[in-house]
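Notes for the structure review
Read off the chains here:
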Amino acid sequence: KNKKKPYKNFLIYKKKMKDRRVVLRRHCPFSTRKNSFKKVKTPGNKIKIQYLDKKISKVVCAESKKKLNGISSPQSLGFMRLCKRKKKISRIYGGHLSGNSTKERIIKSFLLDEKKLVKKYNKEKKKPFL
């Protein structure tokens, strides 16, 4: 009779995974965003941890949700230390809206003012002269 070895697959798996276990180099054992890491094989054929930096999102336009050009990415202290010209662009709604959405806002407000003036002019025109 052919007898199967009950834990054959388990032993193979255990052999492969023997070196895969790693020791965290920092104190915090929890898998937080700050604690993300990748496993790297050293020349001595050991597996070590390399901690990864957090990905920092770019500054985004409030209306169109597109990335703003000319503004460096905000990091907690790094952004605070930057000079003013690197944090914003020198126009109205500088580091908040993109150029196109700023242009649209200006045109919209201009057209609203024109509309008001036209209404006022039409009212005066309809009044009879005494």
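Analysis parameters
Residues numbered from 1 in each chain as written. Predicted model: local features only at pLDDT ≥ 70, side-chain atom pairs only at ≥ 80, totals over all residues. Heavy atoms only, no water. Helix = DSSP H or I, 4+ residues; strand = E, 2+ residues; numbered from the N terminus. Buried < 20%, exposed > 50% of the residue type's maximum accessible area, 1.4 Å probe, protein only. Contact = heavy atoms within 4.5 Å. Areas by Shrake-Rupley, 256 points an atom, 1.4 Å probe, with all protein chains shown as cover. Pairing = 2+ DSSP bridges. Core = buried A, V, L, I, M, F, W, Y, C linked by side-chain atoms within 4.5 Å. 1 Å grid on protein atoms, 1.4 Å probe; cavity = no way out; pocket = protein on both sides within 12 Å on 5 of 7 lines; lining within 4 Å. Points joined across faces, edges and corners; volume = space filled by probe spheres on them. Nonpolar A, V, L, I, M, F, W, Y, C, P; charged D, E, K, R; others polar. Salt bridge = Lys/Arg side-chain N within 4 Å of Asp/Glu carboxyl O.

1. Here's the deal with the overall build of the protein chain
If you tally the helices and strands in the protein chain, you get four helices and two strands. Within the protein chain, buried positions represent 10% of all 130 residues. Pairs at least 24 apart in sequence give 27% of the contacts found in the protein chain among residues at least 6 apart. As displayed, the protein chain offers around 12900 Å² of accessible surface, 57% of which is attributable to carbon and sulfur atoms.

2. Remarks on the pairing of strand 2 (residues 47-51)
Every regular strand shows the same layout, with side chains that alternate between the two sheet faces. Across the two faces of strand 2 the burial differs, with Ile47, Ile49 and Tyr51 buried and Lys48 and Gln50 not buried at all. In the sheet, strand 1 (residues 37-41) pairs with strand 2 via five bridges, with the strands oriented antiparallel. Bridge pairing in strand 2 links Phe37 to Tyr51. Linkage of strand 1 to strand 2, two consecutive antiparallel strands, is achieved through a turn of five residues, within which Asn45 is found at a positive phi near 65 degrees.

3. Structural notes on the nonpolar core
Counting five residues, the largest nonpolar core is built from Val59, Cys61, Leu68, Ile71 and Leu97. In this view, Leu68 contacts Lys58, Val59, Val60, Cys61, Gly95, His96, Leu97 and Ser98; residues no more than four positions away in its chain are not counted.

4. As for the side chain of Thr102
Counting through the fold element by element, Thr102 comes out in helix 4 (residues 99-126). What makes Thr102 buried here is its relative accessible area of 4%. In contact with Thr102, other than residues within four places in its own chain, are Arg91, Ile92, Tyr93 and Leu97.

5. Notes on the layout of surface pockets
One number sums up the size of the second largest pocket: a volume of about 160 Å³. Lining the second largest pocket are 10 residues, and of these Arg21, Val22, Lys46, Ile47 and Lys48 lie nearest its centre. Its residues placed into classes, the lining of the second largest pocket shows four nonpolar, one polar and five charged.

6. Considering the pattern of salt bridges
Across all of its chains, the model carries one salt bridge by this definition. The shortest N-O distance in the salt bridge between Arg105 and Glu63 comes to 2.9 Å. Here Arg105, found in helix 4, pairs with Glu63, found in the loop between strand 2 and helix 2 (76-81); they are 42 residues apart in sequence, far enough to count as distant. Residue Arg105 is classed as partly exposed on the basis of its relative accessible area, which comes to 36%.

Interpretation in functional terms is not warranted from these geometric data alone.
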